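Coordinate analysis (summary)
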Amino acid sequence: MSWLERIRPALSFLTKKETPDNLWTKCRGCGQMNFHRELVDNMNVCPRCEFHERIGPKERFQQIFDGGKYERLGIPSVTEDPLKFRDQKKYTDRIKAARGATGEPEAFAVAEGQIGDISAIVGVQNFAYMGGSMGMGVGEAFIAGAEAALDSRVPYVVFTAAGGARMQEGLLSLMQMPRATVLTSLLREAGLPYIVVITDPTTGGVTASYAMLGDVHIAEPGALIGFAGQRVIEQTIREKLPEGFQRAEYLHEHGMVDMVVHRKRLKAQLGSLLGVLTNAPAKAA
Amino acid sequence: MITYLEFEKPVAELETRIKELKASAGEGAVNIDAEVKKLEAKVEAQLKAIYAKLTPWQKTQVARHPARPHLKDITAALMTDFTPLAGDRKFGEDCAIIGGPGRFRGRPVMVMGHEKGSDTASRLKHNFGMAKPEGYRKAVRLMEMADRFGLPVISFVDTSGAFPGIHAEERGQAEAIARSTEACLKLGTPMVAAIVGEGGSGGAVALATANRIIMLEHSVYAVISPEGCASILWRTSDKAADAAAAMKQTAQDLKALNLIDVIVPEPVGGAHRSPQAAIKMLGDAVETQLATMDGMGTDAVRDDRRAKFLAMGR
Ligand SMILES: [Zn+2]
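Residues numbered from 1 in each chain as written. Chains lettered and ligands numbered in written order. Predicted model: local features only at pLDDT ≥ 70, side-chain atom pairs only at ≥ 80, totals over all residues.

Concerning the overall build of chain B
Convention followed: Helix and strand labels come from DSSP, where a helix needs a run of H or I of at least four residues and a strand needs a run of E of at least two; each type is numbered from the N terminus. In this setup the radius of gyration rests on C-alpha atoms only. A globule is expected at 2.2 Å times the number of residues raised to 0.38. Counting other C-beta atoms within 10 Å of a residue's C-beta gives its exposure: the residue is buried at 20 or more, exposed at 12 or fewer, and partly exposed in between, where C-beta atoms are placed from the backbone. A pair of residues counts as a contact when their C-beta atoms, built from backbone coordinates, are separated by no more than 7 Å.
Helices and strands together make up the secondary structure of chain B, namely 14 helices and eight strands. Relative to its length of 314 residues, chain B is compact, with a C-alpha radius of gyration of 21 Å against a globular reference of 20 Å. Overall size of chain B, expressed as C-alpha extent along the three principal axes, is 70 × 50 × 40 Å. Residues counted as buried form 49% of the 314 residues belonging to chain B. Put simply, 70% of the contacts in chain B that link residues at least 6 apart link residues at least 24 apart.

In structure tokens form, the structure reads like this:
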């Protein structure tokens, strides 16, 4: 149980954001209306067009671990707002709002459990929390997950999602690139599989560090994956971007991801990969 | 022709008067020496005053000054036997990053860094110091070679960032940057990085994940440009000056945050006024930092680098 789950009753700012089951939501892929409960039952993939809606750690953990059973690992606390940053809003207010909206202490959550009978540590980056942006908190959570994998000698599976860096932490946010890379190097040296599942969207410093350093890169269909933002590129080259640019399928075609896997097949795919990479005995058919 | 920055106006006026005086002096009928000396003293005083309290946004402009010492000036002054190597052996040659083996004050090393170029033709050739995947993959090649031959690596960082373009993305810009950072961390020889102008985001960190990080006094190092930060968080790039201050991107701020090791003082009026003096001081700082790692073994130097980055922000 995370510290937040433990102390939740005492925190009044945490209003649980709930979507009533009888709600209809408009699909961002095809524009059709989906019955909310039907969408959730379908792993948040549109039953009409297969559009993969973004999901948070809670749902992801439930989908990916055997029997939906897992245990959350605590993530280290960090100095909040180290630069006393303020733009139009105070950074501390943005943090408060993100915690209230997501019920999570940071944009990266870690849990342990089994995937296809293989023990693993899983990290999930949360786009709903300040765009999944990478600051000290995210970096430390990523590191804690990797250290847990090293301690238990199990694979590390990370679901990435980030609109960019946590600019409010200045260079400290940029330093999460080398800091996370220290750990991916250690996993490699230890001979432990490090699998990245790249989800929509993964851009900027996250892509240019731990998202691209996996032994295997799996992407969810249609996920936006890239280094530079599309608007920045358009402004630089003054051209329209080609259809499908920086999408999962495009990266697959260009050799940057190994496979694009539908959410419904993801758990099975991870299970079989982890089984082989950890030299586990084959399962009876 | 000197390029004056906006806040250097008083200096520009004084120096114009000095020039006019010298021109009008003609055959030396009037003795202008005393007047020129007085004006020159004023210039010095003005520069000292202005540069002593540059705002973070003004420092950004100094860091981007076209006459700031660039990689080619630095290698020309500090290196002998410098042999730039070309290509990533995979796709192409990227002149935004230049590097190769050579002697730094006599000592065999591997040197690499961003080159922005200094006129229209060379700026285009070097793509304004904005590297593509090939540049970072060349850097990886150089670092692996340094490792094989036991050469320390010196890197000089000066880039507004990695190039944002279709082909760069197509060929894996993110992966190339990630691998370059990884290569820095893997290196079994000492590495010193110096931010000499702009340290722009991932494009900088790919060459700056070093045991020791030096910054020139008026250089900047940030996760995003002040303009970019302002346009995202303030929704207008007009707030770049506010963003520059808020992000704490100056050498002084970053030293206070313990994210860099050493600040190298610049000559009065900035490195662009006296490039050779600036380069000499930079060379001294690099030499001193390299010396702190003399005799360190492969594992020690790697552990030192890992520990340094893990300790950041803790
Ligand atoms: Zn749909």
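Comments concerning the overall build of chain A
Check the secondary structure of chain A and you find ten helices and nine strands. Against the 2.2 N^0.38 benchmark of 19 Å for 285 residues, chain A shows a C-alpha radius of gyration of 19 Å, consistent with a compact globule. By its C-alpha atoms, chain A is 60 × 45 × 40 Å across when sized along the principal axes. Within the span of chain A, comprising 285 residues, buried residues form 47% of the whole. Counting only contacts in chain A whose residues sit at least 6 apart along the sequence, the fraction spanning at least 24 positions is 70%.

Topic: the interface of chain B and chain A
Interface size is commonly expressed as the accessible surface area that is lost when the partners come together. Which entries qualify depends on this criterion: Gly is placed with the polar residues, together with every amino acid not listed as nonpolar (Ala, Val, Leu, Ile, Met, Phe, Trp, Tyr, Cys and Pro) or charged (Asp, Glu, Lys and Arg).
Taken residue by residue, the interface counts 39 residues in chain B and 40 residues in chain A. Listing elements by their share of the side of chain B that touches chain A, those giving two or more residues are α7 (166-170), α8 (173-186), α9 (201-208), β7 (220-222), α10 (226-234) and α14 (298-311) of chain B. Looking at the side of chain B that touches chain A, the element that brings in the most residues is α8 of chain B, giving nine residues. Its residues assigned to classes, the side of chain B that touches chain A shows 23 nonpolar, nine polar and seven charged.

Regarding the packing of helix α5 (residues 136-152) of chain A against helix α7 (residues 176-189) of chain A
Residue and element names in this part refer to chain A. Where we set the bar: To obtain an axis, a line is fitted to C-alpha atoms, over the contacting stretch when the element is a helix, and the angle between two such axes runs from 0 to 180 degrees between their N-to-C directions. To sort the angles, those under 35 degrees are grouped as roughly parallel, those over 145 as roughly antiparallel, those from 65 to 115 as roughly perpendicular, and the leftovers as oblique.
α7 packs onto α5 with a crossing angle of 10 degrees between their chain directions and a minimal axis gap of 10 Å. The angle between α5 and α7 falls in the class roughly parallel. Here Val-138, Gly-139, Phe-142, Ile-143, Ala-146, Ala-149 and Leu-150 of α5 lie close against α7, whose contacting residues are Gln-176, Arg-179, Ala-180, Leu-183, Leu-186 and Leu-187. Its residues assigned to classes, the contact of α5 with α7 shows ten nonpolar, two polar and one charged.

A short note on the sheet that holds strand β9 (residues 259-260) of chain A
Paired through backbone hydrogen bonds, the strands of a sheet run either parallel or antiparallel to each other. Residues and elements named next belong to chain A. For clarity, the threshold we go by: Should DSSP find at least two bridges between two strands, the strands are taken to pair.
In space, the seven strands of this open sheet follow the order β3-β4-β5-β6-β7-β8-β9, with mixed pairing throughout. Strands with a single pairing partner mark the edges of an open sheet, and in this sheet they are β3 (70-73) and β9. As paired elements, β3 and strand β4 (residues 108-115) share four bridges and run antiparallel to each other. Pairing of Arg-72 across the sheet is with Ala-111, part of β4.

Description of the environment of Asp-242 of chain B
All names here are of chain B. Tracing the backbone through its elements, the reader meets Asp-242 in helix α11 (residues 240-246). It is 8.0 Å that separates the C-alpha atoms of Asp-242 and Pro-226, two residues lying 16 residues apart in sequence. What Asp-242 contacts, discounting residues up to four positions off in sequence, is Ala-230 and Trp-234.

A look at the nonpolar core
Let me state the cut-off plainly: In this description, a nonpolar core means buried residues of the types Ala, Val, Leu, Ile, Met, Phe, Trp, Tyr and Cys, linked to one another by C-beta atoms lying within 7 Å.
In terms of nonpolar packing, the biggest core is built from 155 residues, with Ala-193, Ala-194 and Leu-282 of chain B touching the most fellow members. Leu-282 of chain B has contacts with Ile-74, Ala-194, Val-196, Leu-216 and Val-264 of chain B, leaving out every residue within four places of it along the chain.

Overview of the pairing of strand β7 (residues 194-202) of chain A
Residue and element names in this part refer to chain A. Within β7, nine of the nine residues are buried, leaving the element largely enclosed by the surrounding structure. Inspection of the sheet shows β7 paired to strand β8 (residues 216-219) by four bridges, in the parallel sense. Within β8, the residue paired with Ile-195 across the bridge is Val-216.

With respect to the packing of α8 of chain B against α9 of chain B
All names here are of chain B. Going by this rule: Two helices crossing with the near one rotated counterclockwise from the far one by less than a right angle form a left-handed crossing, whereas a clockwise rotation gives a right-handed crossing.
Interhelical geometry of α8 versus α9 gives an angle of 30 degrees and a closest axis separation of 7 Å. One finds that α8 runs roughly parallel with respect to α9. Classified by chirality, the crossing of α9 by α8 is left-handed. When α8 is examined against α9, the residues Ile-177, Ser-180 and Thr-181 are found in contact with a partner set consisting of Gly-202, Gly-203, Val-205, Ala-206 and Leu-207. Among the residues making up the contact of α8 with α9, the classes are represented as four nonpolar, four polar and no charged.

Here's the deal with unusual backbone geometry
The amide bond that connects Asp-200 of chain A to the next residue, Pro-201 of chain A, takes the cis arrangement and shows omega of -15 degrees. Positive phi, normally seen in glycine, also occurs at Phe-128 of chain B, with a value near 55 degrees. For Phe-128 of chain B, the location among the structural elements is in the loop between α5 (120-125) and α6 (133-148). Located in the positive-phi region is Arg-235 of chain B, a residue other than glycine, with phi close to 65 degrees. With respect to the helices and strands, Arg-235 of chain B occurs in the loop between α10 and α11.

Observations regarding the pairing of strand β6 (residues 156-162) of chain A
The two faces of a sheet get side chains in turn, since along a regular strand they alternate between them. All names here are of chain A. What counts here: We call a crossover right-handed when, viewed with the strands running away from us, the connection from the first strand over the helix to the second turns clockwise.
The element β6 is largely enclosed, with a buried count of seven among its seven residues. The alternating pattern of β6 places Tyr-156, Val-158, Thr-160 and Ala-162 and Val-157, Phe-159 and Ala-161 on opposite faces, both of which are buried. Two elements, strand β5 (residues 118-125) and β6, share four bridges in a ladder whose sense is parallel. Note that in β6 the partner of Val-124 across the bridge is Phe-159. Taken together, β5, α5 and β6 form a β-α-β motif whose crossover is right-handed. Both β6 and β7 contribute to a ladder of six bridges, which runs parallel.

Examining the confidence of the model for chain A
Caution applies to low-pLDDT regions: their predicted coordinates should not be interpreted in detail. Threshold: Confidence scores labelled pLDDT are given residue by residue by the predictor and lie between 0 and 100.
Scored by pLDDT, chain A comes out at a mean of 92, with 92% of its residues at no less than 70. In this model residues 1-17 of chain A is a low-confidence stretch, pLDDT under 50, and it forms 19 contacts with partners more than four residues away in sequence or in other chains.

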